[in-house]
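Structural overview
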Amino acid sequence: MKINQNTVLQGKKVALVPYTAAHVPRYHEWMKSVELQRLTASEPLSLEQEYEMQRSWREDADKCTFIVLDTERWSGQAGMDEDCMVGDVNLFLTDFDDLALGEIEVMIAEPCYRGRGFGKEATLMMMFYGVTKLGITKFEAKIGQENKASTSMFRKLHFKEVAVNSIFEEVTLRLDVSEQEKHWLLEQTGHVEEKSYRDMKLQNLASES
């Protein structure tokens, strides 16, 4: 999705940046993990296929993707994204008859960052972006039944279980964003700053020279 190709969302623990070609090699290394393939229901791709996927995610109007960075490391390393990558967060418009519905996914690929609130903040920030920029009013999350940590996190974000698919061994959780839920979401993300990715890159280049 091109709408976020110059957007940075900076929070306390994580910064969300557009998924660019520079991120692909690290992402490709992540997805060699059998555990991550299982948790994300993904098939291993070649590096060239991964680059093609990145290009399609940037162009497709039904996919919004951010790479999740460690804010503290990123701020201290002059914006070297690849060294600070933690995971990714995605929003898919899966129903073209209902563009207010978004399917949300989050992956914290680096094991040392799991269970520390990085996935929660990244998810809240993506929900904030979906509601305020994309007109999303309903979120769904489809999670493997074995992924208890992810299911628990989404429940803490007010999602409710609405379906179980025994064939794919996944549960579907849903959140309808009422005015009350929107107010809560904006409270949770009041610290988030939106910045220009291009400007930050230029500033980092200038500081290095």
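Residues numbered from 1 in each chain as written. Predicted model: local features only at pLDDT ≥ 70, side-chain atom pairs only at ≥ 80, totals over all residues. Heavy atoms only, no water.

Remarks on the side chain of glutamate 181
Tracing the backbone through its elements, the reader meets glutamate 181 in helix α7 (residues 179-188). For the buried residue glutamate 181, which engages in no salt bridge, the nearest side chain bearing the opposite charge is lysine 160, 5.9 Å off. Separated by 2.8 Å, the side chains of glutamate 181 and histidine 158 make a polar contact. Aside from chain neighbours lying at most four places away, what touches glutamate 181 is His158, Leu175 and Asp176. (Helix = DSSP H or I, 4+ residues; strand = E, 2+ residues; numbered from the N terminus. Buried < 20%, exposed > 50% of the residue type's maximum accessible area, 1.4 Å probe, protein only. Lys, Arg positive; Asp, Glu negative; His and termini not counted. Salt bridge = Lys/Arg side-chain N within 4 Å of Asp/Glu carboxyl O. Polar contact = N/O pair within 3.5 Å; in protein donor to acceptor, adjacent residues only side chain to side chain. Contact = heavy atoms within 4.5 Å.)

As for the packing of aromatic side chains
The full count for this structure, using the stated rule, is 7 aromatic pairs. Taken together, a centroid distance of 5.0 Å and an interplanar angle of 75° make the contact between phenylalanine 154 and phenylalanine 159 edge-to-face. Each member of the pair phenylalanine 154 and phenylalanine 159 is classed as buried. (Phe/Tyr/Trp six-rings, centres within 6.5 Å; stacked < 30°, edge-to-face > 60°.)

Description of the confidence of the model for the chain
In this model, the chain carries an average pLDDT of 93, and 96% of its residues clear a pLDDT of 70 or more. By mean pLDDT, helix α8 (residues 197-208) is the weakest element of the chain at 75, and helix α5 (residues 118-133) is the strongest at 98. (pLDDT = per-residue confidence, 0-100.)

Observations concerning the sheet that holds strand β3 (residues 63-70)
The sheet built from 9 strands is open, its strands ordered β7-β8-β6-β5-β4-β3-β2-β1-β9 with mixed pairing. Two strands lie at the open edges of the sheet, namely β7 (160-165) and β9 (193-196), each paired on one side alone. The sheet shows a mean angle of 25° between the axes of neighbouring strands, taken without regard to direction. Here strand β4 (residues 85-92) pairs with strand β5 (residues 101-108) via 6 bridges, running antiparallel. What sits directly across from aspartate 88, in β5, is methionine 107. (Pairing = 2+ DSSP bridges. Axes fitted to C-alpha atoms, helices over the stretch in contact; angles between N-to-C directions.)

Details of the nonpolar core
Core analysis: the biggest nonpolar cluster contains 37 residues, and Leu16, Phe66, Ile104, Met127, Phe139, Phe154 and Phe159 have the highest contact counts within it. The biggest single contributor to this core is α5, with 8 residues. Beyond its immediate sequence surroundings of up to four residues, leucine 16 is in contact with Thr7, Val8, Leu9, Phe66, Ile67, Val68, Val89, Ala122, Met125 and Met126. Of all hydrophobic cores here, the second largest spans 19 residues; its members include Val17, Tyr27, Leu36 and Tyr197. (Core = buried A, V, L, I, M, F, W, Y, C linked by side-chain atoms within 4.5 Å.)

Remarks on the pattern of salt bridges
On inspection of all chains with the given rule, the structure shows 14 salt bridges. A salt bridge links glutamate 110 to arginine 26; the nearest nitrogen and oxygen atoms lie 2.7 Å apart. Of the two residues, glutamate 110 sits in the loop between β5 and α5 while arginine 26 sits in helix α1 (residues 24-30), which places them 84 residues apart along the sequence. In this structure glutamate 110 comes out as buried when scored by relative accessible area, which is 17%. For arginine 26, a relative accessible area of 24% translates into the label partly exposed. The residue arginine 114 makes a salt bridge to glutamate 35 at a minimum N-O spacing of 3.4 Å. Here arginine 114 is found in the loop between β5 and α5, whereas its partner glutamate 35 is found in helix α2 (residues 34-40), with 79 residues between them in sequence. Under the relative-accessibility criterion, glutamate 35 is labelled partly exposed at 34%. Through salt bridges with shared partners, a single network forms among Lys2, Arg58 and Glu59.

What to know about α5
An ideal rise of 1.5 Å per residue puts 22 Å on 16 residues; α5 measures up with 22 Å between its terminal C-alpha atoms. At the exit of α5 stands glycine 135, carrying a positive phi of roughly 75°. (Expected span 1.5 Å × (residues − 1).)

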